[in-house]
Number of protein chains: 2
Amino acid sequence: MPSAPLSPTDRTTATRGRHRMVDDRAALHALLDEALVAHLGLVVGSGAEAHPLVLPTAYAADPGGPDDGGSLYLHGSVAAGWLAPVLAGEVCVTITVLDGLVAARSGFHHSMNYRSAVVVGRPRLVDDETERARALDLVVDQVVPGRSATLRPHTRKELAATVVLALPLAEASLKVRGGGPVDDEADVEAGVWGGHVPLRLVAGEPVADADARDVAVPSDVAARATALGAR
Amino acid sequence: MPSAPLSPTDRTTATRGRHRMVDDRAALHALLDEALVAHLGLVVGSGAEAHPLVLPTAYAADPGGPDDGGSLYLHGSVAAGWLAPVLAGEVCVTITVLDGLVAARSGFHHSMNYRSAVVVGRPRLVDDETERARALDLVVDQVVPGRSATLRPHTRKELAATVVLALPLAEASLKVRGGGPVDDEADVEAGVWGGHVPLRLVAGEPVADADARDVAVPSDVAARATALGAR
């Protein structure tokens, strides 16, 4: 039910800053559409030797995917060391976009503006070939929208070398901070400056490979760079 | 020994893309200086109920800090739910800067350019008041360099409400990807375009609080915005 509000569980509810929790599933999907990097958390080892590991990774979300709440797709090499621990238990995927620096009137109230989604769950190994190819296309299109349709199909060898995982977006939460600092009144009255500095990810002009200097930049790549503010 | 090369252990060595591992400790510290957000991974619960949790957080690094390899400082509220599990075992802190989109000639070789540090270890609860205040200043200066020196000192109440943790930078690794795609020769010969789109975080002009519109933007905040490309 992609349109249902988010219903964070104890595991995905912030213990601090609960007023920054957002229960709008559309806002979650807007963040998942915009962001580029996910941080995948897993538990490696067991018992006293267990420790967490957090790895940056590409991803794509499909609000209409077959998992409860929609599907968050991850992919990797069949030879990746993290694959066995990921399939042995639950994972946490956190996707954060940084929106600004918050310069408060005291050190204590300094902060950052951000949107951050936290998803906890047990990943499903995607084995249906149609869903696998579609998920991999979505991951490519997350990097450059529309690009997968312009490329040759995945080869059998590529598909055999790649693992695709789907995490249900059922147990997901979204936390958002925006605007300026929340300062103590005495510091405001003291006349100290307070405010924020907006931040955004900006693209430069596309850089062609040495082998591609005589080929025009494809419209999907050019559009991606322009959408991200390339001048 | 901040100048010693990085010596990743099995726990921090990539099982894939090992050629992208960088053993230059100066490069690690350059990344830690530049980035703004860390992703803190911890294990919540135990036994069959254990699951990872990944939370975005501010941080600061001190190459000369008292921990083995230097200190990575984190802070939070004494009331934070993640505090008990963090102190009960090991954590993983991953700090990633996204440098570009890699548009390859096949979906399989699409990628992103990034620098990512992974640190695993047992955090130390910082209880020395001098080190605590210094660490909190470093976290503020990570957001706006030089700002802590311009602010009033932390109050006793603020310090009592804040937990400071130090993670040794001993077990740390750095992985870097740069440049264009690594494509199959047949796809290059087919004349498909391949290249990359550089990305960087860019600041807008500082936005003053309603209460601060008559106060000049302080030079530290203005310099931060300018350094991050505000026009």
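Remember, predicted model here, so these are calculated numbers, not experimental data. (Residues numbered from 1 in each chain as written. Chains lettered and ligands numbered in written order. Predicted model: local features only at pLDDT ≥ 70, side-chain atom pairs only at ≥ 80, totals over all residues. Heavy atoms only, no water.)

1. Topic: the relation of the copies chain A and chain B
Right, on to step 1. Of the transformation placing chain A onto chain B, the axial shift is 0.0 Å and the rotation is 180 degrees, giving an RMSD of 0.0 Å. The two molecules are tied by a two-fold rotation axis, judged by turn and shift. Looking at the rotation axis and the C-alpha trace of chain A, the residue lying nearest is Leu-201 of chain A, at 2.2 Å.
Right, on to step 2. Counting the interface residues of chain A, we find that 100% of their copies in chain B are interface residues as well, pointing to one common contact surface. (Least-squares fit on C-alpha atoms with pLDDT ≥ 70 in both. Contact = heavy atoms within 4.5 Å.)

2. Quick notes on the side chain of His-154 of chain B
Right, on to step 1. Mapped onto the elements of the fold, His-154 of chain B is located in the loop between α3 (129–143) and α4 (156–160).
Right, on to step 2. Within the local environment of His-154 of chain B, its side chain forms a polar contact with the side chain of Asp-137 of chain B, the two groups lying 2.9 Å apart.
Right, on to step 3. Excluding residues within four positions of it along the chain, His-154 of chain B makes contact with Gly-107 of chain A together with Ala-133, Leu-136, Asp-137 and Leu-159 of chain B. (Helix = DSSP H or I, 4+ residues; strand = E, 2+ residues; numbered from the N terminus. Polar contact = N/O pair within 3.5 Å; in protein donor to acceptor, adjacent residues only side chain to side chain.)

3. Notes on the domain arrangement of chain A
Interfaces are frequently sized by the accessible area removed from exposure as the parts join.
All names here are of chain A.
Right, on to step 1. According to the domain assignment, chain A consists of domain 1 (10–200) and domain 2 (202–231).
Right, on to step 2. Each of domain 1 and domain 2 has a C-alpha centre, and the two are 26 Å apart.
Right, on to step 3. Summing both sides of the interface, domain 1 and domain 2 together bury roughly 610 Å²; the carbon and sulfur share of this comes to 48%.
Right, on to step 4. On the domain 1 side of the contact with domain 2, Val-144, Arg-147 and Arg-200 bury the most area, a combined 64% of that side's loss.
Right, on to step 5. Taken together, domain 1 and domain 2 are joined by one salt bridge.
Right, on to step 6. Measuring nitrogen to oxygen at the nearest pair gives 3.5 Å for the salt bridge that ties Asp-220 to Arg-147.
Right, on to step 7. For the pair domain 1 and domain 2, the interface holds three residue pairs in polar contact (both at pLDDT 80 or more).
Right, on to step 8. In the side of domain 1 that touches domain 2, the residues fall into four nonpolar, three polar and two charged. (Domains from an automatic or database assignment. Buried area = accessible area lost by both parts, 1.4 Å probe. Salt bridge = Lys/Arg side-chain N within 4 Å of Asp/Glu carboxyl O. Nonpolar A, V, L, I, M, F, W, Y, C, P; charged D, E, K, R; others polar.)

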